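Chains, contacts and geometry: an overview
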Amino acid sequence: MIKKTVFYTAVILAVFTLLWRADDFIYYSKDAMRICYELIIPTLFPFFVCSSLLVYSGFGSVLARCFKGMMRPLFNVAPPGAAAFVLGIISGYPLGALTAAQLYQCSALSKSEAERLLSFCSNSGPLFIIGSIGVSLYGKPAYGAALYAIHIISSIAVGIMFRGYGKKKHTSPPMELKTEDMPLTEVFSSSLRKSVESILTVCFSIIFFSALSRTLLSIHPLPPILDAAVSGLCEFSTGVLKISILDKSLYEKLILTSLIVGFSGIGVHLQVMAVTSGSGLSLKPYLLGKLLHGAVSAALTAAVFAVIKPAASVFSPAVITLSASGAVSVSLLAAGGAAAAAPLCAVCILKAARKAKRQTRL
């Protein structure tokens, strides 16, 4: 009852704010749409399509054997959980969490294993960190690559921290990973449909939470650094953009960026809640995991870039942000090899579903 009361109150306040500051909300919505059109869609949509093509073509059966061996020793999660982990670090929010919920619903994971997996499987993908942040915002793909490596290491660290969660509960039996053949026309059609659904979810989440947070902040302006922090807590891509134009050293901006990307923002958390609703999984491990992820990422970034000593780009972030085409080419090259790991998601889910159907017939 308390949760519903808080939710209803928040929605009513949001509606009141939108009606009160309608002009501001429309202006900020248009600006967020521009960001999606010029930055988010060019850097993410091509990767979504390529990943989906690999998923539905069944290319992941070999890769599954490469990754599944690390799940039990490191994270105390059954091998099929590799799908959620790999997809989470390759394709970005919220596909890792969605995969974890589906694996639990297909009985490939126990409830404790799925909740354990949620704590570290929902992460930002390489195209956003390398392309949008490294190239588009700071003009240095190497910085984006370093942030992405830190992001993965932090995710692994959080997963190890949570390996004891629900340890006394039962675990699921090991499963083999196989896929079913699909016609190439169906593969391409499914890939486009899923990619469009994913990019629309991401973009409209960004538009809503970016416009709402900026409208609220316009009522009572905050100091620039607090404004960027609050924006990042609401919608992480907007926060990252604001951090990039702060009057701070590049070292400080990279640490703040890593913190925001690790935590991921309320907009992403609500996406995860949406894709896991009805699964019966608790989101407490997920929320605590994201807090830890942000803290670990910021600490590692501070340590790494204290040694690297980053230098500011000769280009201004405002100019680079408006040119997303360069981000696409560089980030696609950087993420091309990693993209092959995405099929683990469908591999595990298809096998789990087939096994569940056989058990139902019996």
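Residues numbered from 1 in each chain as written. Predicted model: local features only at pLDDT ≥ 70, side-chain atom pairs only at ≥ 80, totals over all residues. Heavy atoms only, no water.

A word on the nonpolar core. Within the largest apolar cluster, 62 residues are counted, with the highest numbers of intra-cluster contacts made by Ile-40, Met-71, Leu-117, Leu-118 and Ile-133. Here this core gets seven residues from one element, more than from any other, and that element is helix α5 (residues 82-90). For Leu-117, the contacting residues outside a window of four places in its chain are Met-71, Val-77, Gly-81, Ala-84, Ala-100 and Leu-109. Counting five residues, the second-largest nonpolar core is a separate cluster that includes Ala-14, Tyr-28, Ala-211 and Leu-212. (Core = buried A, V, L, I, M, F, W, Y, C linked by side-chain atoms within 4.5 Å. Buried < 20%, exposed > 50% of the residue type's maximum accessible area, 1.4 Å probe, protein only. Helix = DSSP H or I, 4+ residues; strand = E, 2+ residues; numbered from the N terminus. Contact = heavy atoms within 4.5 Å.)

Next up on the list: unusual backbone geometry. A negative phi holds for most residues other than glycine; trans holds for most peptide bonds. Within the chain, Asn-76 stands out as a residue other than glycine whose phi angle is a positive 60°. Taking relative accessible area as the criterion, Asn-76 reaches 12% and is therefore assigned buried. The residue Ser-264 is not glycine, and still its phi comes out positive at about 80°. Topologically, Ser-264 is positioned in the loop between α13 (250-263) and α14 (266-276).

To continue, consider α13. Taking 1.5 Å as the rise per residue, α13 with 14 residues should run 20 Å; its terminal C-alpha atoms sit 20 Å apart, in good agreement. In terms of residue burial, α13 counts as a mostly covered element, since 10 of its 14 residues are buried. For α13, every residue scored as buried is listed here: Leu-250, Lys-253, Leu-254, Ile-255, Thr-257, Ser-258, Ile-260, Val-261, Gly-262 and Phe-263. Contacts from the buried residues of α13 go to α8 (126-137), α9 (141-161), α11 (224-234), α12 (236-244), α14 and α15 (284-308). Positive backbone phi, approximately 80°, marks Ser-264, located one or two places after α13. (Expected span 1.5 Å × (residues − 1).)

The next point concerns the packing of aromatic side chains. Counting across every chain of the model gives seven aromatic pairs. Seen from their ring centres, Phe-75 and Phe-120 are 4.4 Å apart, and the 35° between their planes marks the pair as tilted. Of the two residues, Phe-75 sits in helix α4 (residues 71-75) while Phe-120 sits in the loop between α7 (111-118) and α8, which places them 45 residues apart along the sequence. An aromatic cluster is present here, built from Phe-75, Phe-85 and Phe-120 joined pairwise through their rings. Sitting over the face of the ring of Trp-20, Arg-21 holds its NZ or CZ atom 5.5 Å from the ring centroid. (Phe/Tyr/Trp six-rings, centres within 6.5 Å; stacked < 30°, edge-to-face > 60°. Lys NZ or Arg CZ within 6 Å of the ring centre and 35° of its normal.)

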